[in-house]
Amino acid sequence: MRKTKIFSILLTVTLVTSLMAGCGSSKKSEPVATTKTLDKSPITLTFYSADGNAKSSNFTDAVAKEITKRTGVTLKIQYPVGGTSKVPLMIAGGEYPDLIYAKGDESKIVSAKGLISLDKYLGKAENIKKLYGTYLPRLKDSVDDPTTYTVGSFGVSPIGTEIWTPGGLFQIQHAVLKDQGYPKLQTLKEYGDAIKTYMQKYPTINGQKTIGLSLCADDWRWLITVGNPSGSAVGLPGDGQWAIDPDTNKAQYKFMLPEIKEYYRWLNGMNASGVLDPESFTQKFDQYKAKLTSGRVLAISDAGWDYADATASLNKINQQERTFATLPVVLDAKYKDASMKDLGWGGGTGVAITTSCNNPDRAMQFLDWMASDEAQILTNWGIEGVNYTIVDGKRVISAAERQKSMNDPDYGTDTGVGLYTYPFPQRGQGVKDPTGQYYSTATTQSITDNYNSAMKETLKAYGATMEKDMYPKTSEFKTSPFGAAWMTTIPQDSDLTIILKKADDESQKSIPKAILAKPADFDKVWDEYIATLKKIEIEKAGTDFTKLLADKSQLWSK
Amino acid sequence: MKTFYNKGISYRGGICMQNIIRTKNTNLGASKKQNITVKKLIEQKYLLFMSLPFVIWAFVFCYVPLWGWTMAFQNYRPATKFSEQKWVGLKQFKLLFADDTFWNVMRNTLGMSFLALIFGFTIPIIFALLLNEIKSTRYKKIVQTISYLPHFVSWVIVASIVTTMLSTDGGIVNIVLMKLGILHNNVSLLTKPTYFWGIITASDIWKEAGWGAIIYIAAIAGIDQELYEAAKVDGANRFQQMLHITLPGIKPTIVVLLVLSVGSILNTGFEKQMLLGNPLVIDYSRVLDLYVLDYGINMFRYSFGTAIGMFKSVVSLVLVLIANNIADKLGEGRVL
Amino acid sequence: MKKIRKKIAVFDVVVMVIMVYIVIVTLYPFINVVALSFNDSNDTVKGGIYLWPRVFTLGNYKEIFSNPNLPLVRAGFNSVLRTVVGTFFTVISCCMLAYTLSRRDYVLRKFVSMVFVVTMYVGGGMIPSYLLMKNLHLLGSFWVYILPGLIGYFNVIVIRSFMDSLPPSLQESARLDGANDFVIFSKIVLPLCIPVIATVALWTAVGQWNSWFDTYLYGKDLLSMTNLQYELKKILDSTQATSGQTQTALARNGSLIINPVSSDSIKMAITIIVTVPILLVYPFVQKYFITGMTLGAVKG
């Protein structure tokens, strides 16, 4: 009796499953990879993502629903709360969610043997193979353990793809440039002089005191406004705290370089002459933003996304000339601003399938699908007819929709557009799909369309159409065999972590001290700083890190 | 006058103390040298029922997790099983005490805690005493309710307010000080390391004094009103009443909280120091809990973090037991 | 209740001046928060808002309450439930324990107090505690909000010291009348401790109301376990920018950077949402320790 009962249940389940599998159909008006025999039965996968998404919708938005429709998968996503990672608890308790994007904690889970190897799936994972292309070896974990555990995050662009946003780190108000007839500002000296001249000419702006150059050293922003610009000014690419010799690939803590010292000497001079905002090292981020929005800060050394709020506010109140132009300023003419250097895809962490997942085949199928063309278009562009339309075979986003996506902070939560690109496999900016259109919604046109009036005026005066035109081209630089240095995973127990933290702490303390010191004392303060760094074995750290980079290059070249 | 000025023994305290001394040798008072006999246990069975379940609770929820202290003697990796962990003896502790930063951190922590004890501890008491002097109950309630509001405003917001107030760019503090002629130029107080402790203490008082006063207000409420009537009859004015009835009346509470505060000397937290601090004053702002966060947890050095935790626990316990003994010797009775 | 003559002493004036100063200084940050919570977030970026909103809007509150992820009713209900239940059990437990420790003749007094003193300064850490909850099957159970925090020895000491100061004659006479320890505790001692019980209850209730970390660690992200503070914290976190390096990488690779609403305004609105219920309930607790008590009636 019992046996037959079990048998009939099994039979029913098999019948139902195969019925549902057979029923799924996908009609598209676009060229898309064939869906093959996708198992589309409903399944819920739990997913822990270490990077809290700005506007999670709990997988209820339109794009999410579409994903479920096409794959049967519903994601239950959990993010860390209050900055505390739950990963140590997962490891201690031995229970993981089905999928996990663990970032810094990934190596711990690997040593706890909590992730399954994806190697056996990679052979059949067509979409993933296509997306990563030559970068596929970069998914491997380490030289000691060349298994692939994750499908890496951040957009993948084949070498040679044009980079459209320089992400430069020196900004100056359009008003200043216009006032001085759009001079060529190449060196720090010229840059500083331009600011000073304007300051003297206009001691107040909008009724408040003019501030020359303001920095925001609040917490981690120190790295962005104080740490990174120094590297940029001497031609170092975005490798974080490291200076890597492009020929020998030897790494060094960048603050040890004499040319970096000269950058801070320049800042010291700016402070002495009253151009530097004295509150640079005490103000909090919201105070900094308020200053920018008041339009009286002439120059900053920041990353575009950091002051985007202020730009938006200034645009709203029609003070476009108070927003910023980004210029490739360098210490002196012998350096080349490397913002446009293509560092190659960085590898690093990605989404993994854990040992707690009951259906790893399904999970892998889902991840592979996310790498497919149809998924990329869905997650980037949204739903056809809703977020974009097809005109003459090309995807077009209406002006109204673009406006909404730029200005409505809830756009992501409501529509789901852009919510599911990161941290899943993702095509980079500027990569074209088989029909010749871009995967991502950004085009050169969309970027230029988004320039405000002041930016357009400035670019025209310099004979450029896009910001990137003012920067040394990507082709002038070698690509990196190990991606962006800061993305290198540092093994758990190494002394390197501690030395680096101590070094960063020391830098965070001494560099402002050096900047605010009297010019005559600068060398003394700086030398003390370097001596302390040497005491905490920063040179050993350099050697260790060089080896890590070498290992990475070796691993990826296999 | 003489009745209550009697050698400083207050009404409240006087009655208690005398009672305790008197009853010390009666049944209810006898405390030392009791043998734990089965007979006694049955006699006091209600007391047993009212306390033993909680002792069990303490063992389960507080003592059992203490196995985690073994992490301090290992090179703990969350990944490996307990039995496979590598034992390193006192290495973590040696690392800790050899680290210069650690001693700097200890100095900062203790410095700020002492300031907190001297000012942060006394001001809520003074506030409670003064609050009690407000005649109208309605105003008393209103003032008391308003006074604790900053407790609910998070440190993130308070730090932002403080930073704005101290800024050289239109901050109130600078404006006022310059108007009063104390300052001649704008001074960015937040960049001066030696002022940091003062700023922290002042901000903390601002935020927590009202909330901290609640226990003293409650203690004052427990003072027998008849004592005030009697004192008034004896001709004492309000200030004297406050000094000789109210203050002694809450003395037991004060002693208890003081002893317990001594135990918490190493627990300054880290939020306010992190938020109000900046790279220029880091040598004065980094406290023990911040150190644990930066060099322990955020670096995934669990063993190191656990070692510091152990150190904190041991020191706190020793301090609180010493304070308890001192309180006992001074005649205030054991707190613990 | 007419007073015959209102003599205003110097003392009163001094007290009044100090109180006015205190009120201004402590009220200001709160009013500032209220003002910012009602101010349009884009306008807030400009700074300079002190006592009232410049661009009034209900948008910040709408933003929170209309968030599809906020299971408002469930979270609110759980918050209230754990506050009430948690406070009840904690207060009762602490009072009972305090009473046994106030009895100097209790044979196990020293043992019990020693056991508990240690618990105040000693803890195993996040991982051992988590594993303990797991093994006790408390993960995902409502009782994980009640049991682990049941006894705060600090509270016990405060209550006990208050009990110590009660005249022993009261307990003696009750004993002579034949009452057992529990009756003495509940009928005589407890009613006399109302001010301090109210204080401990307040502390515990506020603690329960504000807690979210235990929800995060032990709640298994179940809907039945969530509470208000936790949900609000999640919303707050989602408005912060993701880390700098991630932003750079995202910007480089063309991801749509979703500019969040200024997290500052949300922070302010959340502060108000969490504090208002406490303010509403507070007057009912306040009366227990603002007005004094007369022991005279109980004496004898």
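Residues numbered from 1 in each chain as written. Chains lettered and ligands numbered in written order. Predicted model: local features only at pLDDT ≥ 70, side-chain atom pairs only at ≥ 80, totals over all residues.

On a plain count of helices and strands, chain B comes out with 18 helices and zero strands. Each of the 336 residues in chain B was classed as buried or not, and the buried ones make up 42%. Relative to all contacts within chain B whose residues are 6 or more apart in sequence, the contacts with residues 24 or more apart total 70%. (Helix = DSSP H or I, 4+ residues; strand = E, 2+ residues; numbered from the N terminus. Buried ≥ 20, exposed ≤ 12 C-beta atoms within 10 Å, placed from the backbone. Contact = placed C-beta atoms within 7 Å.)

This part is about the overall build of chain C. Scanning chain C from N- to C-terminus turns up 14 helices and zero strands. Of the regular secondary structure in chain C, the N- to C-terminal order runs α-α-α-α-α-α-α-α-α-α-α-α-α-α. Sequence-distant contacts, at least 24 apart, represent 71% of the contacts inside chain C between residues at least 6 apart.

Moving on: the confidence of the model for chain B. All names here are of chain B. On average, residues of chain B score 81 in pLDDT, and 88% of them reach the 70 mark or higher. Predicted confidence in chain B is weakest over helix α1 (residues 11-23), with a mean pLDDT of 34, and strongest over helix α6 (residues 122-132), with 92. Counting interchain partners and residues more than four positions distant, the pLDDT-below-50 stretch residues 1-31 has 41 contacts. (pLDDT = per-residue confidence, 0-100.)

What follows is about the nonpolar core. Membership of the largest hydrophobic core comes to 214 residues, with the highest contact counts inside it found for A:Ile172, A:Ile195, B:Ile217, C:Val156 and C:Ile159. Here the element with the most residues in this core is helix α10 (residues 194-210) of chain C; it accounts for nine residues. With residues near it in sequence (within four places) discarded, A:Ile195 still touches A:Ile172, A:Val176, A:Gly212, A:Leu213, A:Val275, A:Leu298 and A:Ala299. (Core = buried A, V, L, I, M, F, W, Y, C linked by C-beta atoms within 7 Å.)

Counting residues at the interface gives 77 residues for chain C, matched by 77 residues for chain B. With 13 residues, the single largest contributor to the side of chain C that touches chain B is helix α1 (residues 10-37) of chain C.

For the rest of this paragraph, the subject is the pairing of strand β11 (residues 297-300) of chain A. When strand β5 (residues 171-173) of chain A meets β11(A), the two strands line up antiparallel, connected through two bridges. Opposite A:Gln171, over in β11(A), you have A:Ile300 as the bridge partner. (Pairing = 2+ DSSP bridges.)

This part covers unusual backbone geometry. Residues and elements named next belong to chain A. Between tyrosine 422 and proline 423 the backbone carries a cis peptide bond, its omega angle lying at 5 degrees. Along the chain, proline 423 falls in the loop between α16 (411-415) and α17 (444-449). Non-glycine residue asparagine 249 carries a positive phi angle of around 60 degrees. If you trace the backbone, asparagine 249 turns up in the loop between β9 (242-244) and β10 (251-253). A positive phi angle, near 65 degrees, is found at asparagine 318, a position not held by glycine. Note on placement: asparagine 318 falls in the loop between α12 (308-316) and β12 (324-326). Taking the C-beta count within 10 Å as the criterion, asparagine 318 has 10 such neighbours and is therefore assigned exposed.

Within helix α17 (residues 288-297) of chain B, seven of the ten residues are buried, which leaves the element mostly enclosed by the surrounding structure. Taken residue by residue, α17(B) has B:Leu288, B:Asp289, B:Leu290, B:Tyr291, B:Val292, B:Tyr295 and B:Gly296 as its buried positions. Residues of α17(B) that are buried in the fold lie against α19 (495-516) of chain A together with α5 (100-120), α15 (271-276) and α18 (302-329) of chain B.

Residue and element names in this part refer to chain A. Spatial ordering of the open sheet is given by β8-β11-β5-β12, a layout of four strands whose pairing is mixed. If you trace the sheet from one side to the other, it starts and ends with β8 (211-214) and β12, each paired once. On average, each strand axis in the sheet is tilted by 25 degrees relative to the strand beside it, whichever way the strands run. Bridging between β8 and β11 involves three bridges; their strand directions are parallel. The residue bridging isoleucine 211 from the neighbouring strand is valine 297, located in β11. (Axes fitted to C-alpha atoms, helices over the stretch in contact; angles between N-to-C directions.)

Moving on, we come to helix α7 (residues 153-164) of chain C. Residue pairs spaced three or four apart in an α-helix point in one direction, given the helix's 3.6 residues per turn. Taking 1.5 Å per residue as the helical rise, α7(C) with its twelve residues ought to reach 16 Å, and the 16 Å between its terminal C-alpha atoms agrees with that figure. The element α7(C) is extensively covered by neighbouring structure, given that ten of its twelve residues are classed as buried. Among the residues making up α7(C), those that are buried are C:Tyr153, C:Asn155, C:Val156, C:Ile157, C:Val158, C:Ile159, C:Arg160, C:Ser161, C:Phe162 and C:Met163. As for α7(C), its buried residues are in contact with α11 (214-221) and α14 (251-263) of chain B together with α4 (72-102), α5 (109-121), α9 (181-192) and α10 of chain C. (Expected span 1.5 Å × (residues − 1).)

Here we take up the confidence of the model for chain C. All names here are of chain C. When pLDDT is averaged along chain C, the result is 82, and 85% of the positions lie at 70 or above. Per-element confidence in chain C ranges from a low mean pLDDT of 55 for helix α13 (residues 244-252) to a high of 93 for α4. Here residues 253-261 is modelled with pLDDT under 50, and outside its nearest four sequence neighbours on either side it reaches 39 contacts, counting other chains as well. Prediction confidence for the complex, expressed as pTM and ipTM, is 0.82 and 0.84 respectively.

Residue and element names in this part refer to chain A. Put simply, α19 and helix α21 (residues 538-557) touch, their axes get as near as 10 Å, and they point 130 degrees apart. Here α19 lies oblique to α21, going by the angle between them. By crossing handedness, the relation of α19 to α21 is classed as left-handed. Residues Leu496, Ile499, Leu500 and Ala503 of α19 touch α21, and the partners they reach there are Ile538, Ala541, Asp544 and Phe545. Here the residues of the contact of α19 with α21 sort into seven nonpolar, no polar and one charged. (Parallel < 35°, antiparallel > 145°, perpendicular 65-115°, else oblique. Left-handed = near helix turned anticlockwise from the far one by under 90°. Nonpolar A, V, L, I, M, F, W, Y, C, P; charged D, E, K, R; others polar.)

The next thing to look at is the environment of B:Gly331. Locating B:Gly331 in the fold gives a position in the segment after α18. The spatial distance from the C-alpha of B:Gly331 to the C-alpha of B:Thr145 is 35 Å, given a sequence separation of 186 residues.

This next bit is on the sheet that holds strand β4 (residues 150-152) of chain A. Residues and elements named next belong to chain A. A sheet is described by the order of its strands in space; here five strands give the open sequence β2-β1-β3-β13-β4, paired in mixed fashion. Bordering the open sheet on either side are β2 (73-78) and β4, each of which pairs with just one other strand. Between one strand axis and the next, the sheet turns through 25 degrees on average, direction left out of account. Pairing of strand β1 (residues 43-49) with β2 involves six bridges; the strand directions are parallel. Within β2, the position partnered with threonine 44 by the bridge is threonine 74. Relative to strand β13 (residues 350-353), helix α13 (residues 360-370) is tilted by about 160 degrees, and along the sheet it contacts β1, β2, β3 (99-101), β4 and β13.

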